[in-house]
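Fold and geometry: a report
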Amino acid sequence: MRLTEAEFRKLGYQAVDMAAKYFVEVPRGPVFQRMHESERQALMNMPMPVASLSGDEILRLLGEQILPHPMGNGHPRFFGWVNSPPAMLAVITEILVAAMNPSCAGGDHAAIYPEHCVIRWLMNVLGFPIEGSAGLLVSGGSAASLTALAAARHRALGQLGIDVRKQGVGNHDRLRLYASTEVHSCIQKAVELLGLGSDSIRWIEVDEDFRVSLDHLRRAVREDRERGWHPFCVVASAGSVQTGAIDPLDMLARFAAESNLWMHVDGAYGAVAMLDPHSRPLLEGIERADSIALDPHKWLSVPVECGCVLVRDGALLRDTFSLVPPYIRTETGKGIGNLPWFAEYGMQQTRGFRALKLWVTPANAGTLGLEQQIARQIALARYLAERVDAAPDFELRSKGPLSIVCFRYVPEEIAGNEEALDALNKKVMEHMQADGRAFVTSATLAGRFVLRACILHYDTTEADIDAMLQAVEDAARQVME
Ligand SMILES: Cc1ncc(COP(=O)(O)O)c(C=O)c1O
């Protein structure tokens, strides 16, 4: 476990050299490269070494077996899912995090306070109240929504006279949660994990822009009340995963307040568009949510894992989770006692020092830098949508307000044949992913298979968009041949 200072420096510099070379080489190579079966097997089945491998040997193995096969998100022509490249300075500072290796459960050491700081920064960006609220860094958007919905369930059952922590959900399972059909699957996972069962979700239709229909929502809540359900929560998307749609947050906030519903906003992808003055009006109302999930490891390029949950009623969040066994009880001002422990506000006891990478990234970019980056990526999405719209063999299927565009290839030969178009576009996606020129993933919109491009790389340019469209066309021609 212990290295001499000289060994540490030598290996550390070597690792930095490897990372620097990686950053230079990644954009020059294929976006993605399938691994050979032998390479997969070598990684999966390596026996646990009995004798020590040297640091040199280990770095050599990593250089040969791991670094050549990245997921692809470091490449400017990667347009898949919602995965960004890492902010490079945060890559460097992660070594300091690992060196200090603190647990941010709580206590009075320096790693605790940057978390309070970055949470305040995020609250300020969103216009979320700071007084009385609470925030917590978690592994990602899924964990953030699970944490928030646990608080919503705690409040809802409390209002029915049930202490869910003591009594469990039991028979009191007629709580109803409302979400659009476009909401991320992590919401259903959370509802299932919370013991409410997925039948307690009422899916609400979306309009032609993939935004939740307020009329349907109102009707659904009214009907459910008449039938003996207890409507307790509405989940809104601030940047849905398929199209980047933003639900009408302001109207939803008003409706939620009138109807005694907890409003949770899944802003894992899109909430940070609040940094862009042109996008901000679209997100109006987010600041009135009861809870917000956001994911700095998505659009802010904070290295994974880094999600964040914000809850308006901080005391309620603490009531939902706080369980302080005697061995970690502290008193303010004595020993290591100071602020309430983060571990009282969520699931995790031992917690990593996630805050540093989240502190470093905006500190290095500045809010101005982040604003410019987000605005530029949205502009690139508009460019993509325009190019698709103008091309005879392409069809634009969605141009959400953020940095996601959905489209498909529609050659004249099979125009109008929906099944054939689904099959062709699926094959095009698979071909492109394996081919490595540009990487797109898919969405299902109105029952149809479409290609989906999400622009989150800080180096992507119009030339990369052009190259991606050319790759789609070439893949389609090859598939059709
Ligand atoms: C809108 C949205 N919500 C939630 C999630 C889940 O976030 P995570 O993968 O960080 O758990 C994602 C992931 O892509 C997402 O796009």
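Report follows, based on the coordinates. (Residues numbered from 1 in each chain as written. Predicted model: local features only at pLDDT ≥ 70, side-chain atom pairs only at ≥ 80, totals over all residues. Heavy atoms only, no water.)

Attention shifts here to the packing of helix α13 (residues 418-435) against helix α14 (residues 462-480). Across the interface, α13 lies against α14 with an axial gap of 9 Å and an inter-helix angle of 115°. Viewed along their axes, α13 and α14 form a crossing whose handedness is right-handed. Seen from α13, the contacting residues are L424, K427, V428, H431 and M432; seen from α14, they are M468, A471, V472, A475, A476, Q478, V479 and M480. Of the residues assigned to the contact of α13 with α14, the class counts are ten nonpolar, two polar and one charged. (Axes fitted to C-alpha atoms, helices over the stretch in contact; angles between N-to-C directions. Helix = DSSP H or I, 4+ residues; strand = E, 2+ residues; numbered from the N terminus. Left-handed = near helix turned anticlockwise from the far one by under 90°. Contact = heavy atoms within 4.5 Å. Nonpolar A, V, L, I, M, F, W, Y, C, P; charged D, E, K, R; others polar.)

Let us now look at the layout of surface pockets. The calculated volume of the largest pocket comes to roughly 1400 Å³. A19, Y22, F23, L67 and V91 are, among the 41 residues lining the largest pocket, the residues nearest its centre. Those elements that provide at least two residues to the lining of the largest pocket are α1 (5-25), α3 (55-66) and α4 (88-100). Element by element, the count of residues in the lining of the largest pocket is highest for α1, at ten residues. Taken together, the residues of the lining of the largest pocket sort by class into 29 nonpolar, nine polar and three charged. (1 Å grid on protein atoms, 1.4 Å probe; cavity = no way out; pocket = protein on both sides within 12 Å on 5 of 7 lines; lining within 4 Å. Points joined across faces, edges and corners; volume = space filled by probe spheres on them.)

Let us look at the pairing of strand β8 (residues 394-399). Along a regular strand, successive side chains alternate from one face of the sheet to the other. Looking at chain direction, β8 and strand β9 (residues 404-409) are connected through five bridges and run antiparallel. Opposite F394, over in β9, you have Y409 as the bridge partner. Between β8 and β9, which pair antiparallel and follow one another directly, the connecting turn spans four residues. (Pairing = 2+ DSSP bridges.)

In the contact formed by helix α5 (residues 112-126) and helix α12 (residues 355-390), the axes pass within 9 Å of each other and the chain directions differ by 50°. Of the possible angle classes, the one that applies to α5 and α12 is oblique. Considering only the axes of α5 and α12, their crossing is left-handed. Two secondary-structure elements touch here, α5 through P114, E115, C117, V118, W121 and L122 and α12 through A355, L358, W359 and P362. (Parallel < 35°, antiparallel > 145°, perpendicular 65-115°, else oblique.)

Moving on, we get to the packing of aromatic side chains. Following the criterion strictly, the structure yields nine aromatic pairs and no others. Judged by centre distance (5.9 Å) and plane angle (70°), the rings of Y22 and F23 are edge-to-face. Look at Y22 and you get partly exposed, because its relative accessible area is 23%. Given the relative accessible area of 25%, F23 is considered partly exposed. On the numbers, 5.1 Å between centres and 20° between planes, the contact of Y269 with W299 is stacked. You can see Y269 sitting in the loop between β5 (262-267) and β6 (291-294) and its partner W299 sitting in the loop between β6 and β7 (307-311), a full 30 residues away along the chain. (Phe/Tyr/Trp six-rings, centres within 6.5 Å; stacked < 30°, edge-to-face > 60°. Buried < 20%, exposed > 50% of the residue type's maximum accessible area, 1.4 Å probe, protein only.)

Take the side chain of K298 next. Examined against the element boundaries, K298 turns out to sit in the loop between β6 and β7. A distance of 2.4 Å separates a polar atom in the side chain of K298 from a polar atom in the side chain of D295. (Polar contact = N/O pair within 3.5 Å; in protein donor to acceptor, adjacent residues only side chain to side chain.)

Within the structure, the ligand sits among 13 residues, and G141, S142, D266, D295 and H297 are positioned closest to it. H297 places a side-chain nitrogen or oxygen 2.9 Å from an oxygen atom of the ligand. Take K298: an N or O atom from its side chain is 3.0 Å from an oxygen atom of the ligand. When the ligand is considered free in solution it has 390 Å² of accessible area, and contact with the protein chains removes 83% of it. Classifying every residue of the shell around the ligand by side-chain character gives four nonpolar, six polar and three charged. (Near = heavy atom within 4 Å. Areas by Shrake-Rupley, 256 points an atom, 1.4 Å probe, with all protein chains shown as cover.)

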